[in-house]
Amino acid sequence: MPTSNADSWAASKRKAREELEANENNYYFLKLPADYFNRPYSKLILKSGDAAFTLYLRLMVESIPTKGKLRFSSKTPYSARLLARVLYSNVTEETEKFVDDCLTEWIEFGIIERYDDGTLFIEEVPELLISQSANAKRVQEQRKVKKDSNKMYAEKDDPPVYDESLEDDEENQQSTKK
């Protein structure tokens, strides 16, 4: 039986999640493409307002260590109320309702997935996540330091620059003396 696009997409998502979970001791970054704010789901979130989009970005950042998964603890999944208390310093019933409304809408539209155990999963986080091992980061920093120190030495030890315009001035002065 041939596999559908949805099945192959789900399989590739699963593989990406497994690969990311296998990498420990890495630094992670969310790399947003240039057209990020023009994507349909971004526009959908932005229609709910800047506060909704800020909430979504905060959830993405919160889920970086777990590669898109959001749980309060291994025993406790996030509820809208708990998320509001974790993400906002001044929590009111209105804030809790806002978070609940956003989560409900995003789950309905497939932007966020809720697993059977209550875990929230932001599907695009593994796609946007870039990792760098601690060793690669150390090497990158060493190269930067070396490059900066080479620049400093180059500035001190540069030979004098030959200026051709000075020759023209000398020739003009000699011709006027004749």
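Structure first, text after, so check above.
Residues numbered from 1 in each chain as written. Predicted model: local features only at pLDDT ≥ 70, side-chain atom pairs only at ≥ 80, totals over all residues. Heavy atoms only, no water.

Caption draft 1: Seen up close, the pattern of salt bridges. In this structure the tally under the stated criterion is five salt bridges. A salt bridge links D35 to R39; the nearest nitrogen and oxygen atoms lie 3.6 Å apart. For D35, a relative accessible area of 39% puts it in the partly exposed group. For the salt bridge of D117 with R71, the shortest nitrogen-to-oxygen distance reads 3.6 Å. Here D117, found in the loop between strand 3 (112-114) and strand 4 (120-122), pairs with R71, found in the loop between strand 2 (69-70) and helix 4 (80-87); they are 46 residues apart in sequence, far enough to count as distant. Several salt bridges converge on common partners, so that one network encompasses R81, R85 and E96. (Salt bridge = Lys/Arg side-chain N within 4 Å of Asp/Glu carboxyl O. Buried < 20%, exposed > 50% of the residue type's maximum accessible area, 1.4 Å probe, protein only. Helix = DSSP H or I, 4+ residues; strand = E, 2+ residues; numbered from the N terminus.)

Caption draft 2: Local environment of the side chain of T95. In this fold, T95 is placed in helix 5 (residues 93-109). Not counting chain neighbours up to four residues away, the residues in contact with T95 comprise A84, Y88 and N90. (Contact = heavy atoms within 4.5 Å.)

Caption draft 3: Spotlight on the packing of aromatic side chains. By the definition in use, this model includes eight aromatic pairs. Ring centres 5.3 Å apart and planes at 45° place the aromatic pair F37 and F53 in the tilted group. Of the two residues, F37 is situated in the loop between strand 1 (26-30) and helix 2 (40-47) and F53 in helix 3 (residues 50-62); the sequence distance between them amounts to 16 residues. Centroid distance F53 to Y56: 6.4 Å. Interplanar angle 55°. Geometry classified as tilted. Highlighted residues: F53 and Y56, both in helix 3, separated by three residues, approximately one helical turn. (Phe/Tyr/Trp six-rings, centres within 6.5 Å; stacked < 30°, edge-to-face > 60°.)

Caption draft 4: Quick look at the sheet that holds strand 3. Taken in spatial order, the three strands make up an open sheet running 2-4-3, and their pairing is antiparallel. Bordering the open sheet on either side are strand 2 and strand 3, each of which pairs with just one other strand. Contacts from helix 5 reach strand 3 and strand 4, with the element oriented near 90° to strand 3. (Pairing = 2+ DSSP bridges. Axes fitted to C-alpha atoms, helices over the stretch in contact; angles between N-to-C directions.)

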